[in-house]
Amino acid sequence: MSRKSGVKKKKKGQEVPKRPVEVYFDAFNQQYRHPVNRVIQWIAIPVFAFSILGLVWMVPFPEIALLKKYGYDTFLNWGSFFIAGVVYYYLRLAPTLSYAMFVTIGVYSFLIVQLEYVEQGGGPAVWSVCACLLMASLLALYLGKNMEKVAVPFRSFLKLLLLGPIWLWHFVFQKLRIPY
């Protein structure tokens, strides 16, 4: 891949344009270089993603009699639709990375259900735990963004929040030499 031309070389004389996900990842790699910020991102981006899913999961879902009759109402909530949308979006960008995110979301879902059990046992509300995690992760990511030598545009920061989870997975896939 030629870095200056911004395209991959397939064969002599033929050039294939980069996929949008690769363009995003290249931009992130250029904008987020500070080593401490990279450590912050490896911690705060998964926490951010978990807390967003947890907050969406906790939005009350209308009771549907047919689902309740057959016992399917426990597994259907706004988080289910959110998960479907996120996985579909990632699937369109990079299929292999979307599978990794599907597994990650499965782990997040398990942890959210465990937090629900803690809440039922008298612990803190799931939404309050997720809201605290969200604020802490956003603050950490914002402070990390300010560590960069070149100012990172706010729009790029928002894209990092959306694509950050698969961006982190792409490093793992590169290390393992798995194409995405």
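Because the structure is predicted, anything quoted here is derived from the model rather than measured.

1. Brief notes about the overall build of the protein chain
When its secondary structure is counted, the protein chain shows seven helices and two strands. For the protein chain, the sequential pattern of α-helices and β-strands runs β-β-α-α-α-α-α-α-α. The proportion of buried residues among the 180 residues of the protein chain is 33%.

2. Structural notes on a nonpolar patch on the surface
Where nonpolar side chains cluster on the molecular surface, the patch consists of Val 103, Val 107, Phe 110 and Leu 111 and spans about 370 Å² of accessible area. Note on placement: Val 107 falls in helix α5 (residues 95–120). Overall, Val 107 belongs to the partly exposed group, its relative accessible area being 44%.

3. Considerations on helix α7 (residues 154–175)
The end-to-end C-alpha distance of α7 is 29 Å, a good match for the 32 Å that 22 residues give at a rise of 1.5 Å each. Remark: the principal bend of α7, roughly 65°, maps to Leu 163, with a proline, Pro 165, within the next four residues. Where the residues of α7 are buried, they touch α1 (20–31), α2 (35–58), α4 (78–93), α5 and α6 (126–145).

4. A few points about the nonpolar core
By size, the foremost hydrophobic cluster in this structure holds 38 residues, and its most contacted members are Phe 25 and Ile 166. Of all elements in the fold, only α1, α2, α4, α5, α6 and α7 reach the threshold of two or more residues within this core. Those residues in contact with Ile 166 that lie beyond four places of it in its chain are Val 21, Phe 25, Tyr 90, Leu 93, Leu 97 and Met 101.

5. Overview of the pattern of salt bridges
Inspection of the entire model under this criterion finds two salt bridges. With a shortest N-O distance of 2.1 Å, Lys 18 and Asp 26 are connected by a salt bridge. Arg 19 is paired through a salt bridge with Glu 22; the nearest N and O atoms lie 3.7 Å apart.

6. Examining unusual backbone geometry
The phi dihedral of Arg 177 is positive, around 60°, even though this residue is not glycine. Along the chain, Arg 177 turns up in the segment after α7. Exposure remark for Arg 177: the relative accessible area of 77% places this residue in the exposed category.

7. Some remarks on the packing of aromatic side chains
Applying the stated criterion across every chain yields a total of twelve aromatic pairs. Three or more aromatic residues link up through ring pairs in this structure, and these residues are Phe 28, Tyr 32, Trp 42, Trp 167 and Phe 171. Of note, Lys 145 hangs over the ring of Phe 157, and the distance from its end group to the ring centre comes to 5.9 Å.

8. Concerning the confidence of the model for the protein chain
Per-chain confidence: the protein chain averages 88 in pLDDT, with 89% of residues scoring 70 or above. Across residues 1–5, confidence stays below pLDDT 50; counting only partners more than four residues off in sequence or on other chains, it has five contacts.

9. Considering the environment of Glu 63
Topologically, Glu 63 is positioned in the loop between α2 and α3 (65–70). Sequence spacing of Glu 63 and Asn 77 is 14 residues, and the spatial spacing of their C-alpha atoms is 9.7 Å.

10. A short note on the environment of Tyr 32
Inspection of the secondary structure puts Tyr 32 in the loop between α1 and α2. Sequence separation between Tyr 32 and Glu 148 is 116 residues; the distance between their C-alpha atoms is 6.6 Å. When sequence neighbours within four positions are dropped, the list of residues in contact with Tyr 32 reads Asn 37, Arg 38, Gln 41, Glu 148, Val 152, Ser 156, Phe 157, Leu 160 and Trp 167.

11. Focus: the packing of α2 against α7
Running from N to C, α2 and α7 point in directions that differ by 120°, and their axes come no closer than 9 Å. It follows from the interaxial angle that α2 and α7 lie oblique. Crossing hand, α2 versus α7: left-handed. Mapping the contact onto sequence places Arg 38, Gln 41, Trp 42, Ile 45, Pro 46, Phe 48 and Ala 49 in α2 and Leu 160, Leu 161, Gly 164, Pro 165, Trp 167, Leu 168, Phe 171 and Val 172 in α7. Of the residues that constitute the contact of α2 with α7, the class distribution is twelve nonpolar, two polar and one charged.

Rules used in this analysis
- Residues numbered from 1 in each chain as written.
- Predicted model: local features only at pLDDT ≥ 70, side-chain atom pairs only at ≥ 80, totals over all residues.
- Heavy atoms only, no water.
- Helix = DSSP H or I, 4+ residues; strand = E, 2+ residues; numbered from the N terminus.
- Buried < 20%, exposed > 50% of the residue type's maximum accessible area, 1.4 Å probe, protein only.
- Patch = residues over 30% accessible without salt bridge, like charges linked within 9 Å, V, L, I, M, F, W, Y side chains within 5 Å.
- Areas by Shrake-Rupley, 256 points an atom, 1.4 Å probe, with all protein chains shown as cover.
- Salt bridge = Lys/Arg side-chain N within 4 Å of Asp/Glu carboxyl O.
- Expected span 1.5 Å × (residues − 1).
- Bend = angle between axes of the 7 residues up to and from the residue.
- Contact = heavy atoms within 4.5 Å.
- Core = buried A, V, L, I, M, F, W, Y, C linked by side-chain atoms within 4.5 Å.
- Phe/Tyr/Trp six-rings, centres within 6.5 Å; stacked < 30°, edge-to-face > 60°.
- Lys NZ or Arg CZ within 6 Å of the ring centre and 35° of its normal.
- pLDDT = per-residue confidence, 0-100.
- Axes fitted to C-alpha atoms, helices over the stretch in contact; angles between N-to-C directions.
- Parallel < 35°, antiparallel > 145°, perpendicular 65-115°, else oblique.
- Left-handed = near helix turned anticlockwise from the far one by under 90°.
- Nonpolar A, V, L, I, M, F, W, Y, C, P; charged D, E, K, R; others polar.

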